[in-house]
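Geometric and topological summary
Each chain is listed here by its residues.
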Amino acid sequence: MFKIDGDVFRPPQKDILFSTLVGNGVQIAMTFLITLVFAALDFLSPEKPGALLTCLILCYVLLGIPAGYTSARLYKMFGGTNWQKIALTTAITCPSLIFVILFVLNLVLWENVSSTAIPCTTFVALLALWFCISTPLVFIGAYLGFKRPVYKNPIPINQIPREIPKQPLYTKPLLSILVSGILPFGCIFIQLFFILNSIWAHQYYHYFGFLLIVYIILIITCSETTILLCYFHLCTEDYNWWWRSFLTSGSTAVYFFLYSGYYFATKLKISDGISTFLYFGYTLMLTFILFLFTGAIGFLACFWFVRKIYSVIKWDYVKQVAINDISNYFK
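Residues numbered from 1 in each chain as written. Predicted model: local features only at pLDDT ≥ 70, side-chain atom pairs only at ≥ 80, totals over all residues. Heavy atoms only, no water.

The name an unreviewed UniProt entry gives the protein is Transmembrane 9 superfamily member, with Rotaria sordida as the organism. According to the UniProt record, the Subcellular location (unreviewed entry) comment for the protein reads "Membrane". (UniProt positions renumbered as here; feature names shortened; annotations may be inferred.)

Written as structure tokens, this is what we have:
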């Protein structure tokens, strides 16, 4: 871990995409938190599911500032200079993917003249909220974040990247990423069953206070798991921790998708192809949202951890180098 101190803060590949995903993940995490607090305080009645969905949409739209702020600060730390570019990608990339999935699913519903289809006027309203409120707020957040001083790395970055030695089996990227998602998924496993029942079996969900506790436990578990895996990789002199920290906790979404498939096969009696397509389409959208949320939480925890340990190691390292230089001078 001491040998890679000059490479551990080397910017990741595809830094714009990385900053965009983290910013959108922060926006989703804050949206979930505020909505769950309102629901736990009985401001949102479970007998009116439209109220919960409305609160989620409004919170997401109004929290564009934290998304742009987070993305811009990371982008500036990676050496970026065009804050308008990162603001545009943050405002467009992830929301457009979610919107496209939702639009395709509703095309199927419109084609079959389903009563559950979202009206065209609702889509126009969503677009208005997206481009007229959320996008300007993201630009404001990016502007404010770019005006802030850049994050200074505790240790300077070497000009020549250090070669990463051969890694043991337990630190292989794919294996460690997939295994690390099991623990966070275990935190939400029980509540996930009741949530899916409320969505697909039309059952009321009343345990928002307990769900808020589970949400906090999920954040803590994602943070601890990612920090532990990051420490193992640093000890094996692998300094590519940026993307891995995001994917480590983000892999929770993989198990959510697999469990949704199990729930579909064992709990739901759906046989026609259109209903199956709609189920897995909505599940894919929720999986992507969960991936952004858990990935951002894992990265931010890991980012704090790496900066913390290397800000402490730095002074010990400098003192040791000074002692060695003095010893060599008097020999």
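1. Topic: the overall build of the protein
If you tally the helices and strands in the protein, you get 11 helices and zero strands. If you line up the protein on its principal axes, its C-alpha atoms span 85 × 40 × 35 Å. The burial tally for the protein puts 45% of its 331 residues in the buried class. The contacts of the protein with a sequence gap of at least 6 include a subset with a gap of at least 24, amounting to 85%. Here the protein displays about 17600 Å² of accessible surface, and carbon together with sulfur accounts for 71% of that area. (Helix = DSSP H or I, 4+ residues; strand = E, 2+ residues; numbered from the N terminus. Buried < 20%, exposed > 50% of the residue type's maximum accessible area, 1.4 Å probe, protein only. Contact = heavy atoms within 4.5 Å. Areas by Shrake-Rupley, 256 points an atom, 1.4 Å probe, with all protein chains shown as cover.)

2. Focus: the UniProt feature "transmembrane region" (unreviewed entry) in the protein
Mapped onto this structure's residue numbering, the UniProt feature "transmembrane region" (unreviewed entry) falls at residues 21-44, 50-74, 86-110, 122-146, 174-196, 208-234, 246-265 and 277-306. As annotated, residues 174-196 has a helix share of 96% and a strand share of 0%, and its two end C-alpha atoms lie 28 Å apart. Measuring from the first to the last C-alpha atom of residues 208-234 gives 39 Å, for a span that is 100% helix and 0% strand.

3. Observations concerning the packing of helix H1 (residues 15-40) against helix H9 (residues 242-250)
Look at H1 against H9: their axes get within 11 Å of each other, and the N-to-C directions meet at 35°. At the point where H1 passes H9, the crossing takes the left-handed sense. Counting all contacts with H1, which are made through Leu17, Phe18, Leu21 and Val22, the residues of H9 involved are Trp242, Trp243 and Phe246. Each residue belonging to the contact of H1 with H9 can be placed in one class, and the counts come to seven nonpolar, no polar and no charged. (Axes fitted to C-alpha atoms, helices over the stretch in contact; angles between N-to-C directions. Left-handed = near helix turned anticlockwise from the far one by under 90°. Nonpolar A, V, L, I, M, F, W, Y, C, P; charged D, E, K, R; others polar.)

4. Focus on helix H3 (residues 64-77)
Spanning 14 residues, H3 covers 20 Å between terminal C-alpha atoms, matching the ideal 20 Å at 1.5 Å per step. Taking burial as the measure, the 14 residues of H3 include 11 buried ones, the bulk of the element. Buried within H3 we find Gly64, Pro66, Ala67, Gly68, Thr70, Ser71, Ala72, Arg73, Leu74, Tyr75 and Met77. Positioned one or two residues after H3, glycine 79 has a phi angle of 100°, which is positive. (Expected span 1.5 Å × (residues − 1).)

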